[in-house]
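Examining the three-dimensional arrangement
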Amino acid sequence: MASIMQCLYFSAGRCRSCSQMTRPYQQQLRGKAEHCAQLLAGHEQLRFLPPQPSVESGFRNKAKMVISGTSENPTIGILDADGHGVDLRHCGVCDPALRAAFPVIERFIRQLGLIPYDLPRRKGELKHVIITLAPSGQLMVRWVLRTKKHFVALRDSLPLFSKALPAAKVVSVNFLPEHKAVLEGSEEIVLSAAQTLPMELNGIGMHLRPQGFFQTNTPIAAALYRQAASWVRQLQPASVWDLYCGVGGFALHTAAPGRSVTGVETSAEAVRAAERSAADLGLADTRFIAGDATQFALAQDQAPQLVVVNPPRRGIGPTLADWLNASEVQHVIYSSCNAVSLAKDLRRMDRFTAVEARVMDMFPQTNHYEVIVRLQRRPRTADNG
C-alpha cells in the first residue's frame, strides 16, 4: 500500500496548506504531470521527460514563520482566518534543521521581551522570523520588525544567539512598518560578520543575501539547474541571457569558457550575491545587471542565441513574449512555477516549437510544481508560412 504523509496539524484542521496530503505521493506526482501535459497539449512535438520526484517530507529549506501570541507564550507558524497565531513549529515539510532552530527563536523572544505583532489590533513589534538552510547546514536568520524598538536588543544579543544557534552564519533584522500582507520590508541591517549564506549546488558555489530569492527545495533546485545545463551543453550557444536570474543559478550553471552570459534581476541584493559567485568562480564573461527583464531585453541592440527565463507566477507577460517571438533568439529555456501562465505565454510565442519539458516537483503535498521547457525557433520558411 502506498504511504501517505501524516501530519497532526492537518489532521486537526489547524493547517490546510498541504492540500494534497491525503493522496499517496506517486498519485500526486502523476497528477501534476498530467495537469501540465493537459495545459500544453497544443504543442504536438513536445516530449515530456520523466517527472522529477522529491522527498515527501522535510524538503523545505526555508521557513517563513509568523510570530504571534505574547512575549511569554509566542506562537511560531501561521495566522488563522481571524488573524490569530497557529503554532506550526513541528511542521513536517520543513527540514529538521529548521525545526531545531525554533526553540532557540522562542527562547530569545522570551528572554529579550520581544513583543509579537498583533494583526487584528495592529500593535506589537516582531512580525516574522525567516530562516533559510544551506546545503552545508548553515542558517540565515532574519528577524522582521515593525519598528526599530527591538533592534538594539537583537543586535546586542548576537553573541548569545550565535552561541545558542551555532549554525546561524547570517543574522539580520528587516523592517516592515506597513500593515500589509507581505513578509518583509525594503530596509535590512545585517548583524553578523557574514553577509551572505553559501549555497553550493552541483559543485557550483552560490551566495544568498538576506533579500535574495532561492528555490525552497534544494535537491529539486539542483536537478532543475542540471536539466538546464544539460540542454545548454547540447546546444552550445555563444551567448546566453538569464532573465529573472535571482542569485544567478541558471547563469552560473550555463557559463562556459568563451560563452557570454548575462543575468538580469530586479533585486540589487540578489545581483550583488550573483556577482560575488561569478567572481569566486572566475567567470570573466558572466555579468549581472540589476533591472527589469523586459526593459533590459527591449533596450538591447543584439539578442543572444539562447535565453533562460524564470519568472514569478504571473509569467513573462505579453511584451517580453512578443519580443522573444520577433527576435533573433534561437532557443528559450522557460522555467515556470505556474503552468497556466506558461501556457498563456507560449501561445504568444508561435515562432518557437516546444521540444522538451520536465515537471520538477518543487512543492510536494500541494498542487504546485515547477516545469522547465526547452523551445527552439522554427525555420524562417515555416515562420513565413
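Residues numbered from 1 in each chain as written. Predicted model: local features only at pLDDT ≥ 70, side-chain atom pairs only at ≥ 80, totals over all residues. Heavy atoms only, no water.

**Some thoughts on the sheet that holds strand S15 (residues 331-336)**
A sheet is described by the order of its strands in space; here eight strands give the open sequence S1-S16-S17-S15-S14-S11-S12-S13, paired in mixed fashion. Each of the sheet's edge strands pairs with one partner strand only, and the pair in question is strand S1 (47-48) and strand S13 (286-290). Taken together, the two bridges between S1 and strand S16 (residues 352-360) define a ladder with parallel strand orientation. Paired with arginine 47 across the bridge in S16 is glutamate 356. Across the sheet, helix H12 (residues 339-348) is in contact with S15 and strand S17 (370-377); its angle to S15 comes to roughly 155 degrees. (Pairing = 2+ DSSP bridges. Helix = DSSP H or I, 4+ residues; strand = E, 2+ residues; numbered from the N terminus. Contact = heavy atoms within 4.5 Å. Axes fitted to C-alpha atoms, helices over the stretch in contact; angles between N-to-C directions.)

**A look at the UniProt feature "binding site: S-adenosyl-L-methionine" (unreviewed entry) in the protein**
UniProt's feature table lists "binding site: S-adenosyl-L-methionine" (unreviewed entry) at Gln215, Tyr244, Glu265 and Asn310, given in the numbering used throughout. Lining the largest cavity, from the residues named above, are Gln215, Tyr244 and Asn310. Mapping glutamine 215 onto the fold places it in the loop between strand S10 (204-208) and helix H7 (218-235). If we skip the residues at most four places from it in the chain, glutamine 215 touches Asn61, Ala221, Leu224, Tyr225, Asn310, Met362 and Glu370. Using a relative accessible area of 13% as the deciding quantity, one classes asparagine 310 as buried. Excluding anything up to four places from it in sequence, asparagine 310 contacts Gln215, Leu243, Tyr244, Phe250, Ser335 and Glu370. (UniProt positions renumbered as here; feature names shortened; annotations may be inferred. 1 Å grid on protein atoms, 1.4 Å probe; cavity = no way out; pocket = protein on both sides within 12 Å on 5 of 7 lines; lining within 4 Å. Buried < 20%, exposed > 50% of the residue type's maximum accessible area, 1.4 Å probe, protein only.)

**Some details on the side chain of glutamine 28**
On the secondary structure map, glutamine 28 appears in helix H2 (residues 25-39). Residue classification places glutamine 28 among the buried residues on the basis of a relative accessible area of 2%. Polar contacts involving the side chain of glutamine 28 include one to the main-chain amide nitrogen of glutamine 365, which spans 2.8 Å. Not counting residues up to four positions away in its chain, the partners in contact with glutamine 28 are Gln20, Arg23, Pro364, Gln365 and Thr366. (Polar contact = N/O pair within 3.5 Å; in protein donor to acceptor, adjacent residues only side chain to side chain.)

**Describing the pairing of strand S12 (residues 260-265)**
Counting buried positions over the six residues of S12 gives five, a clear majority of the element. Note: strand S11 (residues 239-243) against S12, five bridges, orientation parallel. The residue bridging serine 239 from the neighbouring strand is serine 260, located in S12. For the crossover that starts at S11, traverses helix H8 (residues 249-254) and ends in the parallel S12, the hand is right-handed. As paired elements, S12 and S13 share five bridges and run parallel to each other. When the bridges of S13 are listed, glycine 263 appears paired with phenylalanine 288. Taken together, S12, helix H9 (residues 268-280) and S13 constitute a β-α-β crossover, and its handedness is right-handed. (Right-handed = clockwise from strand over helix to strand, strands pointing away.)

**Structural notes on the pairing of strand S3 (residues 74-79)**
The two faces of a sheet get side chains in turn, since along a regular strand they alternate between them. In this structure, strand S2 (residues 62-69) lies alongside S3, joined through four bridges in antiparallel fashion. For serine 68, the partnering residue across the bridge sits in S3 and is threonine 75. Where S2 hands over to S3, the hairpin turn is made up of four residues, counted between the paired strands. Pairing between S3 and strand S4 (residues 85-87): three bridges, direction antiparallel. Counted as the bridge partner of leucine 79 is glycine 85 from S4.

**As for helix H4 (residues 102-112)**
Every α-helix winds through 3.6 residues per turn, so residues three or four apart in the chain are directed the same way. Those residues of H4 that fall on the buried side of the exposure criterion are Phe102, Val104, Ile105, Glu106, Phe108 and Ile109. For H4, the secondary structure elements touched by its buried residues are S2, S3, helix H3 (96-99), strand S5 (126-133), strand S6 (139-145) and helix H6 (158-164). One or two positions beyond H4, positive phi appears at glycine 113, with a value near 65 degrees.

**Description of empty space enclosed by the protein**
If you walk through the whole model with that rule in mind, you get three cavities of 30 Å³ or more. The computed volume of the largest cavity comes to approximately 80 Å³. Taken together, Phe213, Phe214, Gln215, Tyr225, Tyr244, Cys245, Gly246, Val247, Gly249, Phe250 and Asn310 make up the lining of the largest cavity. When grouped by side-chain class, the residues that make up the lining of the largest cavity number seven nonpolar, four polar and no charged. Taken as a whole, the second largest cavity spans an internal volume of roughly 50 Å³. In terms of lining residues, the second largest cavity is bounded by Lys62, Thr132, Met140, Arg142, Leu208, Arg209, Pro210, Gly212 and Phe214. Grouping the constituent residues of the lining of the second largest cavity by class yields four nonpolar, two polar and three charged. (Points joined across faces, edges and corners; volume = space filled by probe spheres on them. Nonpolar A, V, L, I, M, F, W, Y, C, P; charged D, E, K, R; others polar.)

**Describing the UniProt feature "active site" (unreviewed entry) in the protein**
Under the UniProt annotation, the feature "active site" (unreviewed entry) is placed at Cys337. Looking at where cysteine 337 falls in the secondary structure, it is placed in the loop between S15 and H12. You can call cysteine 337 buried: its relative accessible area is 17%. In this structure, cysteine 337 is in contact with Pro311, Pro312, Arg313, Tyr369 and Glu370, ignoring residues within four places of it in sequence.

**Description of the pattern of salt bridges**
For the structure shown, the criterion picks out 16 salt bridges. Where salt bridges share partners, they join Asp87, Arg89, Glu106 and Arg110 into one cluster. (Salt bridge = Lys/Arg side-chain N within 4 Å of Asp/Glu carboxyl O.)

**Let's talk about the domain arrangement of the protein**
What the domain assignment reports for the protein is domain 1 (8-56 + 213-377) and domain 2 (62-193). For domain 1 versus domain 2, the distance between C-alpha centres works out to 30 Å. A buried area of about 700 Å², summed over both sides, lies between domain 1 and domain 2, and 66% of it is on carbon and sulfur atoms. Applying the counting criterion to the domain 1 and domain 2 interface returns zero salt bridges. At the junction of domain 1 with domain 2, the criterion picks out two residue pairs in polar contact (both at pLDDT 80 or more). Grouping the constituent residues of the side of domain 1 that touches domain 2 by class yields three nonpolar, three polar and one charged. (Domains from an automatic or database assignment. Buried area = accessible area lost by both parts, 1.4 Å probe.)

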